[in-house]
Amino acid sequence: MSAAAGWIAAPGTALSGTLQLPGDKSISHRAVMLGAIAEGTTRIRGFLEGEDTRATARVFSQLGVRIEAPSAGERIVHGVGLHGLRAADAILDCGNAGTGMRLLAGLLAGQSFDSTLAGDESLSRRPMRRVIEPLAAMGARIDSEPGGLPPLRIHGGARLRGVDIATPVASAQVKSALLLAGLYADGETVVREAHPTRDYTERMLAAFGWPIAYGPGFACLQGGQRLTAIDVDVPADFSSAAFFIVAATLLPGSRLRLASIGMNPRRTGLLEALRAMGADIREENRREQGGEPVADLVVSHAPLHGIDVPEDIVPDMIDEFPILFVAAACAKGRTRVSGAAELRVKESDRIATMAAGLRALGIRVDELPDGAVIEGGPLRGGTVDSHGDHRIAMSLAVAAQRAEGAVSIADVANVATSFPGFVALARQAGMQLRD
Ligand code: S3P
């Protein structure tokens, strides 16, 4: 598909059946990273075959790690141990992935060799000072382009020391970068967060045998231990499920089952928001898979009403605002989002991009510096642009299911970064979508 690729989405009918969704992106990145620096062979099942996570796997191949892909969704990572990575002979390309670049910045800051991390046009505009500055406080030496932008040149051979640090923004990526640098640091690294964020790095370090103390808003580890390879069973990505949760909620007559969805409480804030709006989402078969809570979700159509989204759940649904905006556009009354300025520095400025997209479909959206006020109403057909942002493209495809006419969505190629196969699954469920 070319960069200018687009979709035509048409008004949809009821969604039904059972969907198996792709693996969690955050966990897939981390499984490759920790597997690479562990001792032994890590087998990953349910690995997300997205461009972002494949870019991370390619980076570790460049750093001398042998990674086999015996089948789709499976990786065997032959770990080289904490000090076994070797210098790459080229730039390390993280593609579209903020997670890849920020976590790698922490991990590579502790190596004996130099590395350069680069990314695509969107990633090249994303702020990196949030990792550069706290890593510098640990002794790391990282150069960037003016304004703290990629590429990042990471100087090897720095002697890292543990710090006790409060993250400047609620970001699991920043926290994780510091913890990964902390593996290589002298002494203790303590990361504190005013708003707790997803704790996959902490859980996975513990599962690989690295002693770590953590809880909401707090993580603490000592440098100089070792990681021991494990098998990682990746649950389905809640953020991919989110598009179908909202689509089934919005389309009359729908009843859709989403199998084995990762239910980490730091990811599922959207459920809280949607239930407050009137959604009917049931959780069945709650269980543990690879140390993570998972459940099957059964979503039935329900009429929604607008709410003020509580600011304290913003970090727990940080990737779900584009689709929440769609739910709000189809709800009765007004929805207000605030405390979400981070949305302006995601793969696109998600407040501005969603406001423009929904306005083009006839919805009133007032932007706030840190959110938006959305007035629910009828959607009409039209032409919208995702600005290369995967989650915006998929959210607008869901919005189109409730429009009065066809919607043409431009610039959708990046959907492959997180959700290859979205169009096929959407059509399988009953959505009207074609490329
Ligand atoms: C992620 C953390 C979040 C999220 C991103 C994945 C992670 O970013 O938006 O999609 O895997 O740690 P921030 O931590 O920067 O909010």
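Residues numbered from 1 in each chain as written. Predicted model: local features only at pLDDT ≥ 70, side-chain atom pairs only at ≥ 80, totals over all residues. Heavy atoms only, no water.

### Overview of the overall build of the chain
This is how the line gets drawn: Here a helix means four or more residues in a row that DSSP labels H or I, a strand means two or more in a row labelled E, and each is numbered from the N terminus. Two things to know: the radius of gyration comes from C-alpha atoms, and the globule rule equals 2.2 Å times the number of residues to the power 0.38. Any residue under 20% of the maximum accessible area for its type is buried, any over 50% is exposed, and the rest in between are partly exposed; the area is computed with a 1.4 Å probe on protein chains only. The contact rule is simple, with two residues in contact once any of their heavy atoms fall within 4.5 Å. Every accessible area reported is derived by Shrake-Rupley at a probe size of 1.4 Å, with residue values counting cover from the shown protein chains alone.
Secondary structure summary: the chain contains twelve helices and 23 strands in total. Relative to a compact globule of 435 residues, whose C-alpha radius of gyration would be 22 Å, the chain shows 21 Å and is just as compact. Over its C-alpha atoms, taken along the principal directions, the chain stretches across nearly 60 × 40 × 40 Å. Burial statistics for the chain: of 435 residues in total, 60% are counted as buried. The long-range share in the chain, meaning contacts at least 24 apart out of those at least 6 apart in sequence, stands at 73%. Split by element, the accessible area of the chain, about 15,200 Å² in all, is 48% carbon and sulfur.

### Concerning the side chain of Asp389
By secondary structure assignment, the location of Asp389 is in the loop between β21 (382-385) and α11 (390-400). Once residues lying within four places of it in the same chain are set aside, the contact partners of Asp389 are Glu347, Ser348 and Arg350.

### Let's talk about the UniProt feature "binding site: 3-phosphoshikimate" (unreviewed entry) in the chain
Heads up, the condition is: UniProt positions are given in the numbering used here, feature names are shortened, and annotations may be inferred rather than shown by experiment.
Following the UniProt record, the feature "binding site: 3-phosphoshikimate" (unreviewed entry) maps to Lys25, Ser26, Arg30, Ser171, Gln173, Asp319 and Lys346 here. Here Arg30 is to be found in helix α1 (residues 25-36). What Arg30 contacts, discounting residues up to four positions off in sequence, is Gly35, Thr99, Leu103, Ala172, Ser176, Tyr200, Thr201 and Met204. Turning to its location among the elements, Ser171 is positioned in the loop between β10 (164-166) and α5 (172-182). Using a relative accessible area of 7% as the deciding quantity, one classes Ser171 as buried.

### Concerning the site of the ligand
Inclusion rule: If a single non-hydrogen atom of a residue is within 4 Å of a molecule or strand, that residue counts as near it. Whenever two N or O atoms come within 3.5 Å, that pair is a polar contact, provided that in protein one can donate a hydrogen and the other can accept it, and provided that, for residues adjacent in sequence, both atoms are side-chain atoms. Note that Gly is not counted as nonpolar here; it falls among the polar residues with everything else outside the nonpolar set of Ala, Val, Leu, Ile, Met, Phe, Trp, Tyr, Cys and Pro and the charged set of Asp, Glu, Lys and Arg. Note that the domain bounds were set by an automatic or database domain assignment.
Around the ligand, the neighbouring residues are Lys25, Ser26, Arg30, Thr99, Ala170, Ser171, Ala172, Gln173, Arg198, Ile318, Asp319 and Lys346. Take Ala172: an N or O atom from its main chain is 2.7 Å from an oxygen atom of the ligand. Elements with a minimum of two residues in the shell around the ligand: α1 and α5. Element by element, the count of residues in the shell around the ligand is highest for α1, at three residues. Class assignment for the residues of the shell around the ligand results in three nonpolar, four polar and five charged. Of the residues that make up the shell around the ligand, three or more belong to each of domain 1 (6-23 + 235-434) and domain 2 (25-233).

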